[in-house]
Amino acid sequence: MSEHQQFLAERDKIDFFMQKGYRIHSVNEHLDGATVEFVHPNGNVTETLLISNANARKYFSSLLIKQNSMGK
């Protein structure tokens, strides 16, 4: 898979959870990329994604900043 296709696939997964109302709860950076934990506000439903593409990591970082600025 090309790097751009990998970005699109990871971005779509992130967008899927965000559109379902999930919020980014935690991020763990490691050598394989980042593990992002999403939590749904209605209940204790959590989902975890491994994001390895650099552009996808920048993408979820921008969403996290936006999420945190809207929550204040």
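Notes on the structure follow. Everything quoted here is computed from the prediction, not taken from an experiment.

Calculation criteria
Per chain, the residues get numbers from 1 upward, laid out in the order the sequence is written. For a predicted model such as this one, the threshold for reporting local features is a pLDDT of at least 70, and the threshold for listing and counting side-chain atom pairs is 80 or more; totals across whole chains, interfaces and linings nevertheless cover every residue. Note that water and hydrogens are dropped before the side-chain values are worked out from all heavy atoms of the structure. Only Phe, Tyr and Trp rings take part, Trp by its six-membered ring, and two of them pair if their centres are within 6.5 Å. Stacked means planes under 30 degrees apart, edge-to-face means over 60, and tilted covers everything else. Between any two strands, at least two bridges found by DSSP are needed for them to pair. Numbering of helices and strands runs from the N terminus, with a helix taken as a DSSP run of H or I at least four residues long and a strand as a DSSP run of E at least two residues long. To define axes, lines are fitted to C-alpha atoms, for helices over the stretch in contact only, and angles between the resulting N-to-C directions are given on a 0 to 180 degree scale. By the convention used here, residues are in contact when the closest approach between their heavy atoms is within 4.5 Å.

1. Quick look at the packing of aromatic side chains
Right, so step 1: In this structure the tally under the stated criterion is three aromatic pairs.
Right, so step 2: Ring geometry for Phe 16 against Phe 17: centres 5.4 Å apart, planes inclined by 70°, an arrangement best described as edge-to-face.
Right, so step 3: Considering the side-chain rings of Phe 17 and Tyr 22, the 5.3 Å spacing of their centres and the 70° angle between planes classify their relative orientation as edge-to-face.
Right, so step 4: One aromatic cluster is present, built from ring pairs that chain together Phe 16, Phe 17, Tyr 22 and Phe 38.

2. Some thoughts on the pairing of strand β1 (residues 23–30)
When a strand is regular, its side chains alternate between the sheet's two faces.
Right, so step 1: Pairing of β1 with strand β2 (residues 33–39) involves seven bridges; the strand directions are antiparallel. Bridge assignment links Ser 26 to a residue of β2, and that residue is Glu 37.

3. Points about the sheet that holds β2
Right, so step 1: Strand order in the open sheet made by the three strands is β1-β2-β3, with antiparallel pairing throughout. Of all the strands in the sheet, just β1 and β3 (46–51) have a single pairing partner and so form its edges. With strand direction ignored, the average angle separating the axes of adjacent strands in the sheet is 20°.
Right, so step 2: Helix α1 (residues 3–19) contacts β1, β2 and β3 of the sheet and is inclined by roughly 160° relative to β3.
Right, so step 3: Its contacts with the sheet put helix α2 (residues 54–70) on β1, β2 and β3, and the angle it makes with β1 is roughly 140°.

Don't take any of this as a statement about function, it's just geometry.
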